[in-house]
Amino acid sequence: MPNRLHTVEPPYSQETEALLSNYPKPDGYLLKLFRVFANSTRFLRKGVLDLLDQESPLPMRQRELVILRTCANNDCEYEWGVHVAGFAKHVRLTEDQINATRLGGPGAPCWNAEERTLLLAVDELCSSGRMSPKTQDQFQSLFTAEQQLEIFALCGNYHTASFVANAAEIDCEPFGAKFQSALDKDN
């Protein structure tokens, strides 16, 4: 089918090559997701914001919790797995916490009070585009206006990344983590 999203392979057009040069390449490898973005030079330029920089107002751990939970809420094993593989150890997520981003939810005993509020806010935003008044009050008491906007942008970006990865049916990266099933968790 000619309009089906797919991973674009080299050789790339000069414009596509130039745009892809701005994307991270761990060990020189261009992620499959970025190669799907290459179906549109406009999308390569404007499709998602680069929020994984040092200037983020959020600590890296909180940023990754938002990303992992958003991807899990969108059933996007591909992007969840890339972030678990790339960042979970660095931000000191335990195996229980990694699994709880997918299966446990905000109430899991592995989270502290601030993380519970953050994950609850993400869940509510992903579900309805808004937070309950109680969650919003807790959220606003813990996060600055700048941090709140960053969280909203991360949720939006990773919804988009999840939609693209799921629609393109991208297989997990060879190094990516895989979802644990609820049955595996109990064994």
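The coordinates are above.
An account of the accompanying structure is given in this report.

Calculation criteria
Residues numbered from 1 in each chain as written. Predicted model: local features only at pLDDT ≥ 70, side-chain atom pairs only at ≥ 80, totals over all residues. Heavy atoms only, no water. Salt bridge = Lys/Arg side-chain N within 4 Å of Asp/Glu carboxyl O. Helix = DSSP H or I, 4+ residues; strand = E, 2+ residues; numbered from the N terminus. Buried < 20%, exposed > 50% of the residue type's maximum accessible area, 1.4 Å probe, protein only. Axes fitted to C-alpha atoms, helices over the stretch in contact; angles between N-to-C directions. Left-handed = near helix turned anticlockwise from the far one by under 90°. Contact = heavy atoms within 4.5 Å. Nonpolar A, V, L, I, M, F, W, Y, C, P; charged D, E, K, R; others polar. Parallel < 35°, antiparallel > 145°, perpendicular 65-115°, else oblique. Core = buried A, V, L, I, M, F, W, Y, C linked by side-chain atoms within 4.5 Å. Phe/Tyr/Trp six-rings, centres within 6.5 Å; stacked < 30°, edge-to-face > 60°.

This part takes up the pattern of salt bridges. In total, this model carries seven salt bridges according to the counting rule given. The closest approach of N and O atoms between R35 and E9, which form a salt bridge, is 2.8 Å. Within this pair, whereas R35 is found in helix α2 (residues 32-37), its partner E9 is found in the segment before α1 (14-20), the two being separated by 26 residues in sequence. The class for R35 is buried, based on a relative accessible area of 10%. Residue E9 is classed as partly exposed on the basis of its relative accessible area, which comes to 43%. Among the salt bridges present, the one from R102 reaches D75, with a minimum N-O distance of 3.1 Å. Taken together, the residues span a long stretch of sequence, with R102 in helix α6 (residues 95-104) and D75 in the loop between α4 (60-73) and α5 (77-88) at a distance of 27 residues. Given the relative accessible area of 47%, D75 is considered partly exposed.

On to the packing of α4 against helix α7 (residues 113-128), then. One way to put it is that α4 packs onto α7 with a least axis distance of 10 Å and a crossing angle of 35°. Seen along the crossing, α4 lies across α7 with a hand that is right-handed. Mapping the contact onto sequence places R61, Q62, L65, V66, R69, T70 and N73 in α4 and E114, E115, L118, L119, V122, D123 and C126 in α7. A per-class count over the contact of α4 with α7 returns six nonpolar, three polar and five charged.

Right, let's get into the packing of helix α8 (residues 133-142) against helix α9 (residues 145-167). Two numbers describe how α8 lies on α9: the axes approach to 8 Å, and their chain directions differ by 120°. Between α8 and α9, the angle falls in the class oblique. Crossing hand, α8 versus α9: right-handed. Two secondary-structure elements touch here, α8 through F139, Q140 and L142 and α9 through Q147, Q148, I151 and F152. In terms of residue class, the contact of α8 with α9 is built from four nonpolar, three polar and no charged.

As for its placement among the helices and strands, R42 is situated in helix α3 (residues 41-46). What makes R42 exposed here is its relative accessible area of 54%. In sequence terms R42 and T16 are 26 residues apart; their C-alpha atoms lie 9.7 Å from each other.

This part covers the nonpolar core. Grouped together as the largest cluster of nonpolar side chains are 53 residues, with contacts concentrated most on L20, L33, Y78, W80 and L93. Put simply, the parts of the chain that give this core at least two residues each are α1, α2, α4, α5, α6, α7 and α9. It is α9 that contributes the most residues to this core, seven residues altogether. In contact with L93, other than residues within four places in its own chain, are R61, L65, L68, A88, I98 and W111.

The residue S40 is located in the loop between α2 and α3 in this model. On a C-alpha basis, the gap between S40 and T16 in space is 8.4 Å, while along the polypeptide they are 24 residues apart.

Scanning the entire structure with this criterion turns up eight aromatic pairs. Ring geometry for Y23 and F34: centres 4.8 Å apart, planes at 55°, overall tilted. With Y23 in the loop between α1 and α2 and F34 in helix α2, this pair connects stretches of sequence that are 11 residues apart. A single burial state applies to Y23 and to F34, both of which are buried.

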